[in-house]
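# Commentary on secondary and tertiary structure
Listed below, chain by chain, are the residues.
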Amino acid sequence: MKQVWRSLRAALITLLLLLGFIAGWPKVSPKLLGRLPPGLARLAQTLPDIQGSLLQPFAPLADAFGINSENWALFATTGGIRHRMWVEARGHHDHTWTLLHRAQDDEHAYLKETLEYRRLRMIWNPHRYGMATGYPAFTRWLARRVFEDFPAFDRVRVRQEQIEIQARGAGFRSTGAFVYKQEYSRRELLP
Amino acid sequence: MIARWIAFWDEREGPAALALVRIFVGLAVLGDLLQAGARGAVSAVWAPAPLGSGWGQMATPAPLVVAWLGASVHAAWATWWLAIICALMLLFGLGYRIGSWLLVFAVVELWRLTPDGGDGIDALLRIVLPLLALSRANACWSCDAWLARRFARPMPATVPAWPRYLLVVQLLWLYFSAAHHRGSAAWGPAGGFSAVGEVLGDPHFARFFPGSLRALYPLTQLATALTMLFEFSAPLALLWIWLDKHPGRGGRFGDAVRRLRIRWLWVGVGISLHLGIAVTMQIGVFPFAMLALYPALFGPEEITSLLEKLRRTRIASSIAAAWSPAR
C-alpha cells in the first residue's frame with residue numbers, strides 16, 4: 001500500500017511539474033512577434049492554443065486555487081510614457097479644480113497612506129495592457145470618500161497625467177496630456 | 001530511472017528549512033494584511049462598489065463569502081479577519097493543518113472579491129500556501145510541536161522533503177520566467193541597462209522623488225545587469241544545490257563550484273537585489289515575501305549548522321537557544 005502511495009505521489013508531482021511547465025510557456029508580445037523569424041513566429045502564434053487545450057481539463061482545479069498562470073512578467077517594460085495620478089475636486093461655484101492628491105507630491109497628499117497601499121495601487125496604476133477592470137469602482141469609491149470628507153465639494157475627478165521617463169535617472173517630464181479621466185457629481189454618488 | 005524518480009520524491013529530511021519558510025511566509029502575509037488595516041484600505045480594496053473597489057461580487061459564480069454573507073463591507077472585513085487569524089496560526093504553527101488550509105481559502109476569496117487588487121506576489125502565494133499546507137512545516141518551532149511534546153507524542157524528526165523541493169522549483173522558475181519576459185531593450189546592453197533607473201523615475205513606484213538619485217545612476221545600471229544575470233542563471237541554481245549536496249560529485253568543476261561558494265554567491269545577489277528593491281521602490285510586501293522562500297534553498301542541516309554558529313556568538317546566544325530545532 002505504501003509503495004502504491006509513493007508511486008502515485010511521484011506521478012502526481014510529475015503531472016504538476018508538467019502542467020506548470022506548460023502554463024509557463026512564454027507569452028510573445030505582438031511587437032516581439034514581428035521581430036521573430038517566420039517559422040518561430042508561426043510556432044509562437046500556435047502555442048497559446050495548444051497551451052489552452054492542454055490545460056483546459058485542469059482549469060477548474062487551478063481556478064479553485066486562483067492559479068492563473070506560470071508566466072511571471074515582472075517589470076517587463078519600463079520607461080517611455082508612464083502615468084501620475086491626480087485627484088481633484090471643486091465646489092458648486094468654483095471655476096478651478098482643487099488638487100487633493102498627486103503621486104509623489106507631499107503638498108497634495110490627501111489619503112496618501114490608503115491610496116499607496118500596494119493592492120490599491122495595482123488598481124489605479126495603468127499597466128501595459130491598459131487600466132485595471134476595477135478602476136471605475138475605485139474612482140467611484142474615492143469620489144464618494146472625498147464628498148464625505150469635504151462637504152463643500154460638488155464634483156470630483158480622477159485622471160492620469162501622461163509623463164515621460166527621462167534618460168540616465170533624470171526623473172520624469174510631463175507631456176501635458178491626461179488620460180483615464182473619471183468624473184463624478186455629489187448627486188450621482190450620495191443621493 | 002523511474003524507481004530513482006519515485007525514491008527522490010520520497011526523501012525525508014529535518015523540518016528546519018520548511019519551518020523557517022512557514023514562519024517567514026506567515027510574517028509576510030500577516031504584515032501585508034495588517035498594513036491594509038492600518039492604512040484604512042480594507043474596505044477600499046475588497047468591499048463592493050461604491051463602498052470599495054471590489055467587482056468580483058458580481059461574478060458568476062459569486063465568491064463563496066459573498067454567497068454566504070452577501071456583497072457587503074462585512075463580507076470583506078470577515079474575510080480579512082479570517083486571513084489575519086489564519087496567518088497567525090501559520091506563523092505560530094498552531095492547528096497547522098486547519099489554519100493553513102483556511103488561509104488558502106481566505107487568500108483565494110480575497111482575490112475573488114477584487115481580482116485585480118494584487119500583484120505577482122499574491123499569485124505566487126496562492127501557489128506557495130497550498131504547498132506549505134501539504135507539508136509538515138509545523139514539525140518544529142511551532143505550538144503544535146510543543147503541544148505534541150507535552151502530550152508525549154512528539155512530532156517526527158524527519159518530514160517529507162518534496163514540498164521544499166517544489167518550493168525551490170517554483171522560486172527558480174519565477175526568476176527565469178521574469179527574465180525571459182523582459183523584452184524591453186532597457187533590460188539589456190542595447191538599452192544601456194537603464195531599466196532599474198527607469199523604474200526609479202516612475203512616480204507610482206519610486207520611494208524617493210524621481211531624479212533625486214540621479215548621482216547613483218551607474219549603480220542602477222549595475223543592478224539591472226545583475227538582475228538579468230541572476231534571473232537568467234536561476235535554473236543553474238539547481239546544479240549548484242546538487243553539487244553542494246554531493247561533495248564528491250562533479251569532478252573538478254564541482255570542486256570549483258564548491259570552493260568558490262557559487263550557490264551562496266547566487267543567493268547573496270538575490271538577497272541584495274530584493275533588499276535594494278525594498279529600499280528604493282514602493283511595491284509593498286513583494287521583496288519580503290520572496291525572501292521568505294529563501295530558506296527552502298538550503299538543506300535543514302545547513303540551517304541548523306548556521307543557527308549553531310549563531311549560538312556561538314555572544315549577542316545571539318539567547319535568541320539561538322530559543323530557536324533550537326529540538327524545541
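Scroll up for the structure.
So, here's what we can say about the structure. (Residues numbered from 1 in each chain as written. Chains lettered and ligands numbered in written order. Predicted model: local features only at pLDDT ≥ 70, side-chain atom pairs only at ≥ 80, totals over all residues.)

### Topic: the overall build of chain A
Stated precisely, the cut-off is as follows: Numbering of helices and strands runs from the N terminus, with a helix taken as a DSSP run of H or I at least four residues long and a strand as a DSSP run of E at least two residues long. For the radius of gyration, the atom set is restricted to C-alpha positions; the globular benchmark scales as 2.2 Å times the number of residues to the power 0.38. Put plainly, a residue is buried at 20 or more neighbouring C-beta atoms within 10 Å of its own, exposed at 12 or fewer, and partly exposed in between, counting only other residues' C-beta atoms, which are placed from the backbone. Distance between backbone-placed C-beta atoms decides contact: two residues are in contact if it is within 7 Å.
In terms of helices and strands, chain A carries eight helices and four strands. Secondary structure elements in chain A, listed N-terminal to C-terminal, are α-α-α-α-β-β-α-α-α-β-β-α. Relative to its length of 191 residues, chain A is extended, with a C-alpha radius of gyration of 24 Å against a globular reference of 16 Å. Once the C-alpha set of chain A is aligned to its principal axes, its extents read approximately 75 × 45 × 30 Å. Considering chain A as a whole, with its 191 residues, one finds that 29% of them fall into the buried category. Summarising the internal contacts of chain A: among those between residues at least 6 apart in sequence, 51% fall at separations of at least 24.

### Describing the sheet that holds strand S1 (residues 81-91) of chain A
Strand-to-strand pairing in sheets goes through backbone hydrogen bonds, with the strands running parallel or antiparallel. Residue and element names in this part refer to chain A. Here is the rule: In this description, strands pair whenever DSSP reports at least two bridges between them. Angles shown run from 0 to 180 degrees and are taken between the N-to-C directions of axes, each axis being a line fitted to C-alpha atoms and, for helices, limited to the stretch in contact.
Taken in spatial order, the four strands of this open sheet run S2-S1-S3-S4, and their pairing is antiparallel. Since the sheet does not close on itself, it has two edges, and those belong to strand S2 (98-102) and strand S4 (172-185), each with one partner. Adjacent strand axes in the sheet meet at a mean angle of 30° when their direction is disregarded. Note: S1 against S2, four bridges, orientation antiparallel. By the bridge assignment, Val-87 is partnered in S2 with His-101. Sheet strands touched by helix H7 (residues 135-149): S1, S2, strand S3 (153-165) and S4. Its angle to S3, the strand with the most contacts, is close to 130°.

### Things to note about the packing of helix H11 (residues 217-232) of chain B against helix H14 (residues 262-280) of chain B
How two helices sit against one another is set out by the angle between their axes and by the gap between those axes. Residue and element names in this part refer to chain B. Our working definition: If an angle is under 35 degrees, it is roughly parallel; if it is over 145, roughly antiparallel; if it lies from 65 to 115, roughly perpendicular; otherwise it is oblique. Put simply, a crossing is left-handed when the front helix is turned counterclockwise from the back one by less than a right angle, and right-handed when it is turned clockwise.
Contact pair H11 / H14: the axes reach a minimum separation of 10 Å and the direction vectors enclose 130°. Our classification of the angle between H11 and H14 gives oblique. Between H11 and H14 lies a crossing of left-handed hand. Across the interface between the two elements, Ala-223, Leu-226, Thr-227 and Phe-230 of H11 pack against Trp-266, Val-269, Gly-270, Leu-273 and Gly-276 of H14.

### With respect to the pairing of S1(A)
With respect to burial, S1(A) is a largely interior element, eight of its 11 residues being buried. Connecting S1(A) to the next strand, S2(A), in antiparallel fashion are six residues.

### Some thoughts on the packing of helix H2 (residues 16-38) of chain B against helix H5 (residues 73-92) of chain B
Residues and elements named next belong to chain B. Interhelical geometry of H2 versus H5 gives an angle of 155° and a closest axis separation of 8 Å. Here H2 is positioned roughly antiparallel relative to H5, judged by the angle of their axes. The element H2 and its partner H5 pack so that their crossing is left-handed. Contacts from Arg-22, Ile-23, Gly-26, Leu-27, Val-29, Leu-30, Leu-33 and Ala-36 of H2 reach H5 at Trp-80, Ala-83, Ile-84, Ala-87, Leu-88, Leu-90 and Leu-91.

### Side note on the interface of chain B and chain A
Interfaces are frequently sized by the accessible area removed from exposure as the parts join. Put simply, the rule is: Note on residue classes: Ala, Val, Leu, Ile, Met, Phe, Trp, Tyr, Cys and Pro are nonpolar, Asp, Glu, Lys and Arg are charged, and everything else, Gly too, is polar.
Taken together, the contact pairs 63 residues of chain B with 57 residues of chain A. Broken down by class, the residue content of the side of chain B that touches chain A amounts to 32 nonpolar, 22 polar and nine charged.

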